[in-house]
Amino acid sequence: MKILKIDFQNINSLRGEHHIDFTKEPFLQNSLFAITGPTGSGKTTILDVISLALFNHVPRLGRMSTGEILKKGAILTRNQTEAYAQITYRCNEGVFASTWSISTNRNGNLRDYHMEISNVETEAILDLKKSDVPAKNEELIGLNYDQFIKSVVLAQGEFAKFLQVPKKERGALLEKITGTEIYRRIGMEVYLKHKERAKELDLKRAKIETFKEQLIEETVYAEKQQEAEKIASERTKLKKELDALSNEIKLKTELEKQENEHFKTQKQLREAEEQHQKFEEEKGSKLRRHQELQLFAEELNRWLTLREKAAEKAKEITAATEAIQQATTQRETLKQEIATSFRLEVSPANFAEKLENYKREVRQLIAERSTIGATYTNSVKHIDSIAVPLNFIAKASKTEAFQSELNEKQALKNTHYKNVAQQFDFQKHSIETLQTATQEQLRQLRLAEKANIQLSNLKTECTKKTAELETITGQQKGLPETIEKITQQLELKEAQLVARQKTLEVENLQKQLDDYRNELKPDVPCPLCGSLEHPFATHLPEQENGLKSAVEQLEQELKNLQKEHIEKQAELKQFTQQISVLNRQIEELNTQLETAQREFDARFKGMYNVEENYSFSAQETRLEKQVDDLALAKKLQDELTLLQTLKKQIETLNTLIDQGKKNMAAIQQLYSGEIPNFESQISTTETTWNRNEQNISQQQQLLKIAQQTSAEITEGLKTLTTSLLGNLQEKGYVSIEKALEQRLNASVAQTWTSELQQLQSSLVRLKTLQRKLSDEIKILKETTGTVPLEKLQEEQAQKNVALTINDNTGNELSRILKNQKQNLEFIAQLRNQIEIELEQSKHWQVLFDLIGDATGNKFNDFAQDLTLAQLLQLANKRLLQLTDRYRIDQPTGDEDDSLVAIDEHMGGQRRSIKTLSGGETFILSLALALALSDLASRNIEINSLFIDEGFGTLDPETLDQTLDTLEVLQAESSKMIGVISHVDSLKERIATQIQLTQNGQGYSSLMVV
């Protein structure tokens, strides 16, 4: 994973937009760069931007949300309304850009933050929710947030502390630095799991003891079993006795019931016989006479029907006669109305023909009037619509006023058109032709003006670039000679330094122990023992021959010359590149100028006299006026044509009005009413006439049919009366009317007949039931014993009490025996469960014995020892690149708790880290930081590294050595390494820098140099 770009806006003190592109210069030539600036200027903000854009997480603040931003006053720059952070990075899957952004609404309140990832190569935004973006970055990069921070951003303070603290504190720091607190949690989880398992087993054992306390002794249990068997035997005997008693009681009860039922039935039979006799006395004779007349029921009913029909037909004849008279009167009234409204004389014979001819004639006139009216309305609307552009005051419906206004407008437009047309020759060329030609001239003029401006701009740009080239060429002049002089001075100084260093080495070899004592300084480690205190080095005479100072002075002069040489070469290279770019730009501008001039001459030189004093503006104004005048002439011409058309259409409209008046007179001669009411009135009159004539015809037909039917009914009634009366007289009835008086109402007859049938049926049923009950009572008396029912019931109650006592005793014994059995089963089950759980949880016992404890220290210490060993192994590999003097090792039992430095220059002597100087401690902590990056990234290739602070403790020589090592590391691994510091010497050594500066308002600015 390699970071390619950092883009952000309004983050912390860095107001405005800022862009750092690692794919462009100066980062392409120098992948080792410094992030510099005073304290509080925002150096660490750049690291915050990286973690915020990728994981919505800031190391010093934690996970970000709207509430956190408001509460902590972080991220969004003061007085700003929006902010964003974007990181573009390359990974195995491609190039991606991860963006975090936030803004305020119109009320000044923060909206929720937004995150997204886009594929830079395909320009597609991944379809993800904002909460899924950090996880997607983790997947693409191959590192989670903690691993990323430990692999990419290295904070030196933690490791400097880590080197010197005791073992107990070192474990906590290592846990914090490496994120291996999982081992402590595992040890604590094992302890809790073992404790929980033991608690569950103890609970089961306690339950076993509880069940044991509820058990009874074996002898008592056997006695209870025997007692239960005896109770069961007694219960069986009681049940049999109770069953026999229940059966006898049942028979006795049934006998008593049957005897009561027999007595009840006898009573009901007597009552039924009395009811039957009463019916015969009151209704019997009447019902029998009615049944006798039912032999002639059909003839009697027909005689009554014929008599009723004869009366109905007499009424129909009277009603039809009256209706015919009313309809005839209505006919005369209608004839008078038709003559008045429609001026038409009609009769029943000619009504249809005359009315049809009349309707046809009037409808034709009304249709002609409708056509004339529709044409008039459409003409008025058409005239008003086409007259809209001319702004007429009068409407076409007011023909006289409209025609007068039309004549006035026509005269005025003619005069105006003649005035405009004087400047043009419309006889030879039409207005449209002249408009097209003038507009083309105007377009060509504007193109020429634009091309002329472009030519002028190219000439100005070419002049500007030429002047810039002359300035830079003057600045470059003399640099090669200066560089050559510096090179010669470097060679001389290097030769002098080599000679002095050899002399110093020979002198050092000749030194005795006392000579080294002369060089001891307070709080500086002894080169032999490493001690910071030198009690035997005081009050010694100074012995300095100046050779070492001369070597140091030559080394410093050489470094200054090398720095100056590098700066001058960089300056020469920069000027050379700028001159090359300017020459290429001037050449391109000259080519563009020549091409543009040729194109201008070819297109416009022959058309316009384009001189220095030529006025494009005046020509454009003249042509624009000509275009406006032609447009006005065209408009007047169109308006005059339209006025002529309106004049013709007004004449046509007057003709339509005359036709409408003639049509109206013709209609009024035939019809006196309102024209819109004609159809409804003629339809109503025709319908009324037809209905009246149809009514007369129908009533005449009904009268005829009623008279014929009445005669037939009278004849039939006479014949039936003769026949029926003869039959009734034989039965003793003097007339048909007397016989009808003896007939019962149909419902009464049906009711009486039903009542008689029910009485007879009840008598039969009760007699049958009486015989059946007598037989059953006889059988029951033969079956039952002689003991009274009351005595049997008393004995049954006593037996039931004995059975209840027996059941209660038996149930209690059964409960005791059942509880004993269940308790034994529960005990067996619990013991089996304990054995199974002990077998299944053996591994938890083993884990508890090995790594489990309440604090998690047991497993954590073991894991941290392994992690520390791996970390120190990786650190020593990195340390080889930084110095060949020290190695880091864990302390043995008799050494100080802090880590141990093995001094290879002192024959492998083991020294406490606490005895090292600040610079040496930094070197070791840097090695640990790089090792942690290796450890955290493992199989992930990390090509971006940021080292935060710690360089201030280094002396110049160690700082140079450290930076040399970082340069080698960068060259060998192709890593992009950023060093965050405010050390001036570091700024001088690293040419590529991201510089941060502060202004007086608390804001910072960023510049890449």
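For the structure, see preceding data.
Report follows, based on the coordinates.

Here is what the cut-offs are and how they apply
- Residue numbers restart at each chain and count upward from 1, following the sequence in its written direction.
- Where totals are concerned, whole chains, interfaces and linings use all residues; where local detail is concerned, this predicted model gives features only for residues with pLDDT of at least 70, and gives and counts side-chain atom pairs only at 80 or more.
- As a rule here, side-chain values come from all non-hydrogen atoms in the structure, and water together with hydrogens is ignored.
- Labels follow the DSSP assignment, with helices taken as runs of H or I lasting at least four residues and strands as runs of E lasting at least two, numbered in each case from the N terminus.
- Here's how the labels work: a residue is buried when its accessible area is under 20% of the maximum for its type, exposed when over 50%, partly exposed in between, all with a 1.4 Å probe on protein chains only.
- Whether two residues are in contact is decided by their heavy atoms: any pair within 4.5 Å suffices.
- Per-residue and other accessible areas were derived by the Shrake-Rupley procedure at a 1.4 Å probe size, with only the shown protein chains allowed to occlude residues.
- Note on pairing: DSSP must find at least two bridges between two strands before they are called paired.
- Throughout, the arc means the angular range of directions from the helix axis out to the C-beta atoms.
- All axes are obtained by fitting lines to C-alpha atoms, using only the stretch in contact for helices, and the reported angles, taken between N-to-C directions, cover 0 to 180 degrees.
- Any angle that falls under 35 degrees is termed roughly parallel, while one over 145 is termed roughly antiparallel, one within 65 to 115 roughly perpendicular, and all others oblique.
- By convention the crossing between two helices is left-handed if the near helix lies anticlockwise of the far one by an angle smaller than a right angle, and right-handed if it lies clockwise.
- The residue classification treats Ala, Val, Leu, Ile, Met, Phe, Trp, Tyr, Cys and Pro as nonpolar and Asp, Glu, Lys and Arg as charged. All others, Gly included, are polar.
- Two aromatic rings, drawn from Phe, Tyr or Trp (for Trp, its six-membered ring), form a pair once their centres lie within 6.5 Å of each other, and the interplanar angle then sorts them: stacked below 30 degrees, edge-to-face above 60, tilted otherwise.
- When the NZ atom of lysine or the CZ atom of arginine is within 6 Å of a ring's centre and also within 35 degrees of its normal, the charge is said to sit over that ring.

**Considerations on the overall build of the protein chain**
Looking only at helices and strands, the protein chain features 25 helices and 17 strands. Here the protein chain holds 1009 residues, and the buried ones make up 36% of them. The contacts in the protein chain between residues at least 6 apart in sequence include a share of 73% that link residues at least 24 apart. Carbon and sulfur atoms make up 50% of the accessible area of the protein chain, which amounts to about 60600 Å² in all.

**Points about the pairing of strand β6 (residues 82-91)**
Burial analysis of β6 places seven of its ten residues in the buried class, the great majority of the element. Two strands pair when backbone bridges link them, and strand β1 (residues 2-11) and β6 are joined in this way by seven bridges, in the antiparallel orientation. Counted as the bridge partner of Q9 is Y84 from β6. By the bridge criterion, ten bridges tie β6 to strand β7 (residues 94-103) in an arrangement that is antiparallel. Among the inter-strand pairings, A85 is bridged to a residue of β7, identified as W100. A loop of two residues connects β6 with β7, the two strands running antiparallel in sequence.

**A word on helix α3 (residues 133-141)**
When we look at burial in α3, the residues that qualify are V133, P134, N137, L140 and I141. The buried side chains of α3 occupy one side of the element, clustering within an arc of 125° when seen end-on. In the core, the buried residues of α3 are packed alongside α1 (43-55), β6, β7 and β8 (114-119).

**Observations regarding the sheet that holds strand β13 (residues 909-912)**
Strand order in the open sheet formed by three strands is β11-β12-β13, with antiparallel pairing between adjacent strands. Edge strands, defined here as strands with exactly one partner in the open sheet, are β11 (886-889) and β13. In this sheet, adjacent strand axes meet at a mean angle of 35° when their direction is disregarded. Sheet analysis places β11 next to strand β12 (residues 900-903), joined by four bridges and oriented antiparallel. For I888, the partnering residue across the bridge sits in β12 and is A901.

**Concerning the packing of helix α11 (residues 399-421) against helix α16 (residues 616-670)**
Relative to each other, α11 and α16 sit at 155°, their axes nearing to 9 Å. As far as their axial angle goes, α16 and α11 are roughly antiparallel. Classified by chirality, the crossing of α16 by α11 is left-handed. Class assignment of the residues belonging to the contact of α11 with α16 gives a composition of 13 nonpolar, nine polar and five charged.

**Examining the packing of aromatic side chains**
The full count for this structure, using the stated rule, is eight aromatic pairs. Ring centres of W100 and Y113 lie 6.3 Å apart, and the angle between their planes is 15°; this geometry places the pair in the stacked category. Linking W100 in strand β7 with Y113 in the loop between β7 and β8, this pair joins segments that are 13 residues apart in sequence. With respect to class, W100 is no different from Y113; both count as buried. Joined through ring pairs, the aromatic side chains of F22, F27 and F33 make up one cluster. A cation over an aromatic ring shows up here: K130 above the ring of Y113, its NZ or CZ 4.3 Å from the ring centre.

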